[in-house]
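# Chain and residue survey
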Amino acid sequence: MQQMNGSHDVLAIVTKAAGGTYRDFIRMNPPEFHGGLDPIKAHEWVASVEGIFEIVHCSEANKVVFASHLLKGPAMRWWKSASALMTIQEVPKEWDNFKTTFMEKYFPSSLGTKKELEFQQLRQENMSVATYAKKFEILAAYSRQAAYAPDESWKIEIQSSLQGFGEPSNKLWDPGCV
């Protein structure tokens, strides 16, 4: 019995070294995704799951397996079909491929473009600072520029540009500002 427990401990260590266990992942209380017509929820689901992957050090091999277990109802049925098609087409079931397929289904590129335009045209006008900041943060998630923005100085520069107080910079990030 002692030897069996010892090998179980070794297995746990090997599994952890390979990148987070399913138990670690589930303990983070990841959200389920049921599909539907709300592309913003789809985008937020992917972001939430990726955040958990990072925290539990999830291996690339486990990402699709873990995430696909969070799909329920219509989303689960969609994944079974998409997964079968990926197998037939010999597309590896890696996270980037899953995410691309998922986003094509639940977050059409036309909506991403619309949200980015909305971000570029954002003005405070009659909004409170808190409301404006919240809308800015939400819409910035859809901006291609924001994907490369590591710090608050970028946000200030973009907000000034959006408000018409300054000229937008051609630089996406200045490492000297960090």
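Along each chain, numbering runs from 1 in the same order as the chain's sequence is written. pLDDT decides what is reported in this predicted model: residues at 70 or higher carry local features, side-chain atom pairs at 80 or more are listed and counted, and totals for whole chains, interfaces and linings draw on all residues regardless. Hydrogens and water molecules were not included; the side-chain quantities draw on all heavy atoms of the structure.

## A look at helix α8 (residues 129-140)
Definition in use: Helix and strand definitions follow DSSP, with helices as H or I runs of at least four residues and strands as E runs of at least two, each counted in order from the N terminus. Helix span, expected: 1.5 Å multiplied by one less than the number of residues in the helix. Exposure classes here rest on a 1.4 Å probe applied to the protein chains alone. A residue is buried below 20% of its type maximum, exposed above 50%, and partly exposed in between. For this quantity, the arc is that covered by the directions from the helix axis to the C-beta atoms.
End to end, α8 covers 16 Å across 12 residues, agreeing with the expected 16 Å (1.5 Å per residue, within 8%). Of the positions making up α8, those classed as buried are Tyr132, Phe136, Leu139 and Ala140. Along the axis of α8, the buried positions cluster into a sector of 100°, meaning they face one direction only. Opposite the buried face of α8, at more than 90 degrees from it, the exposed residues are Ala130 and Lys134.

## Quick word on the confidence of the model for the chain
Spelled out, the test is: Predictor confidence is given residue by residue as pLDDT, running from a minimum of 0 to a maximum of 100. Working rule for contacts: check all heavy atoms of both residues, and any pair within 4.5 Å makes them a contact.
With 70% of its residues at a pLDDT of at least 70, the chain reaches an overall mean of 79. At the level of individual helices and strands, the chain shows its lowest average pLDDT in helix α1 (residues 2-19), which scores 44, and its highest in helix α5 (residues 74-88), which scores 97. Note that residues 1-17 has pLDDT below 50 and, in this model, three contacts with residues that lie over four places away or in other chains. Counting contacts from residues 165-178, a segment whose pLDDT is below 50, to residues more than four positions away or on other chains yields 17 contacts.

## Description of the packing of helix α7 (residues 109-120) against α8
In helix packing, the relevant descriptors are the interaxial angle and the interaxial distance, both defined with respect to the helix axes. To keep it simple, the criterion reads: Axis angles are defined between N-to-C directions and span 0 to 180 degrees, where every axis is a line fitted to C-alpha atoms and, for a helix, only to the segment in contact. What makes a crossing left-handed is the near helix being turned counterclockwise from the far one by less than a right angle; a clockwise turn instead makes it right-handed. Polar here means any residue other than Ala, Val, Leu, Ile, Met, Phe, Trp, Tyr, Cys and Pro, which are nonpolar, and Asp, Glu, Lys and Arg, which are charged; Gly is therefore polar.
It is the contact of α7 with α8, at a shortest axis distance of 9 Å, that shows an interaxial angle of 140°. Our pair here, α7 against α8, has a crossing hand that is left-handed. The residues of α8 that touch α7, namely those facing Lys115, Glu118 and Phe119, are Lys135, Phe136, Leu139 and Ala140. Residues that form the contact of α7 with α8 fall into these classes: four nonpolar, no polar and three charged.

## Focus: unusual backbone geometry
The backbone of Asn29 sits at a positive phi, close to 55°, despite the residue not being glycine. Here Asn29 shows up in the loop between α2 (22-27) and α3 (39-55). Given the relative accessible area of 67%, Asn29 is considered exposed. Here Glu90, not a glycine, exhibits a phi torsion of approximately 60°, which is positive. As for its position among the elements, Glu90 is in the loop between α5 and α6 (95-106). Relative accessible area serves as the criterion here: at 71%, Glu90 is assigned to the exposed category.

## Remarks on the environment of Gly36
Within the element layout of this structure, Gly36 appears in the loop between α2 and α3. Taking C-alpha positions, Gly36 is 7.9 Å from Ala75, a pair spaced 39 residues apart along the chain.

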